[in-house]
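Single-letter residue listing:
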Amino acid sequence: MSEQKKNFKPESLMMSYGYKPELSEGAIKCPIFQTSTFVFKTAAEGKALFEVAYGLREKKPKEELGLIYSRLNNPDLEVLENRLTLWDEAEDCAVFESGMSAISTVLMEFLKPGDLLLYSSPLYGGTDHFIKHVLPEWGVEVLGFKSGMSTQEIEALLESSNRADKLKLIYVESPANPTNALVDIEGCKQMADKYSSSDKQIYVAVDNTMMGPLWQHPLKFGADLVLYSATKYIGGHSDVIAGACLGNKELMGRVKVLRTFLGNMAGPWTGWLLMRSLETLKPRMELQAKNAQKVVEFLKTHDKVEKIYYLGLLTEKDGEQYKIYQKQCLSPGAMIAFDIKGGEQEAFAFLDNLKLIKLAVSLGSTESLAEHPYTMTHADVASEEKNAMSLTEKMVRLSVGVENADDIIWDIDQALKSI
Ligand SMILES: Cc1ncc(COP(=O)(O)O)c(C=O)c1O
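Residues numbered from 1 in each chain as written. Predicted model: local features only at pLDDT ≥ 70, side-chain atom pairs only at ≥ 80, totals over all residues. Heavy atoms only, no water.

Colleague: Explain the sheet that holds strand β2 (residues 116-121) here, please?
Modeller: Hydrogen bonding along the main chain pairs the strands of a sheet, whether they run parallel or antiparallel. Spatial strand order, β1-β7-β6-β5-β4-β2-β3: 7 strands in an open sheet with mixed pairing. Only two strands of the sheet have a single partner each, and these edge strands are β1 (92-96) and β3 (141-146). Taken pair by pair, the neighbouring strands of this sheet meet at an average axis angle of 20 degrees, ignoring direction. Sheet topology places β2 next to β3; 6 bridges connect them, and they run parallel. In the sheet register, Ser121 faces β3, and the bridge partner there is Lys146. Against the sheet, helix α6 (residues 125-134) makes contact with β2, β3 and β4 (167-173), and its axis sits at roughly 150 degrees relative to β2, the strand it touches most. Against the sheet, helix α7 (residues 151-160) engages β2, β3 and β4, with an angle of about 150 degrees to β3. (Pairing = 2+ DSSP bridges. Helix = DSSP H or I, 4+ residues; strand = E, 2+ residues; numbered from the N terminus. Axes fitted to C-alpha atoms, helices over the stretch in contact; angles between N-to-C directions. Contact = heavy atoms within 4.5 Å.)

Set out below in structure tokens:
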């Protein structure tokens, strides 16, 4: 790539980066390579490719990993991975057939029996389940800390657990789904370094789904791995399930080898759909954030709304949370949670009366989506825990889409009136 091209912004490169039309009959768009396997030129080439893919030897300088078999690599997925690295300025990326498969693969690769995982909470319900119910079955110890705790408080919690020597991975979801509580990624990195030793490197992994690739770049704050449910902003149209993980070449090499053997690589169609989605990622997300701001302005004045959880409402009075927001986030995003006066009955009445906004889980899509985290996405989390994190029965989560802001607000207004 020429020097001049190196300065293009990611949004300018989403239509072209990593794709060579001359390899596909000049097609301007990357075709769907709907193929399970690829023909080797020679047996020696096949041997060399497998040596690298299975981690039997390091790649030689400038050696490209050629195409082998679509569980390992495929042009649609490779071009997609290359494009995704641009937003987070990551060395490498691996895509998966779901966000959960990206998350579970990372947790399995970097944790072994006897290791301790320190994690923020709340977490997306599926991740929460995997950490609390699957990892302990395999002898991995887990310790949760509340998002919003300072780095000093998290460290004190770790020390008081008497298991600091077992720490292997810090897993963070910031902002947390659905409360938007923030965790200081840089603080987590400093803690990871403090407890690392010459024979044990502790890593920090951040689920950046709630901010998408546009509004927060965890690698810049020292995270080792960034995770996405690509089903959300990256896909953005509620028509595909996928996941992604980004980091340096060494760690991504490990993630990709485990992906090969777990067999949870995304398919070519998914790759193609996500490439198409990435072309509009920035304008979509910017409009969603703009609409969300308008929705919050409306909610703020409504007498049936008790409390709003939205990053744009943080002020100096919020202390550490405000400081983290200022440091880490480039936008308040488009995710809003709010407490409706009353409880489940009132929240359900609101949800059941929406006319434009869809009553559905997921987030980051072009259409606005509303759900009840307490009984839906976070149904599996213990009630006491949910209540302690302000995730109560009166909470509604709203993912603001790209519709006309006045129409979204009209819908919210009429649904609130119906309670
Ligand atoms: C923050 C977060 N992380 C991960 C996931 C899991 O992603 P997927 O549904 O693509 O497996 C979700 C899904 O809702 C999520 O909200």
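Now that the structure is up, let's keep going.
Colleague: Looking at this structure, I do not really get the side chain of Ser368. What am I missing?
Modeller: Relative to the helices and strands, Ser368 is located in the loop between β10 (358-359) and β11 (369-371). By relative accessible area, Ser368 is classed as buried at 1%. Dropping the residues within four chain positions of it, Ser368 is found in contact with Ile357, Lys358, Ser399, Val400, Gly401, Glu403 and Ile408. (Buried < 20%, exposed > 50% of the residue type's maximum accessible area, 1.4 Å probe, protein only.)

Colleague: What's the story with a nonpolar patch on the surface in this structure? I'm lost.
Modeller: Together, Phe40, Phe50, Tyr54, Leu56 and Phe261 give the surface a local cluster of nonpolar side chains, amounting to about 480 Å² of exposed area. You can see Tyr54 is positioned in the loop between α3 (43-53) and α4 (75-88). Look at Tyr54 and you get partly exposed, because its relative accessible area is 33%. (Patch = residues over 30% accessible without salt bridge, like charges linked within 9 Å, V, L, I, M, F, W, Y side chains within 5 Å. Areas by Shrake-Rupley, 256 points an atom, 1.4 Å probe, with all protein chains shown as cover. Salt bridge = Lys/Arg side-chain N within 4 Å of Asp/Glu carboxyl O.)

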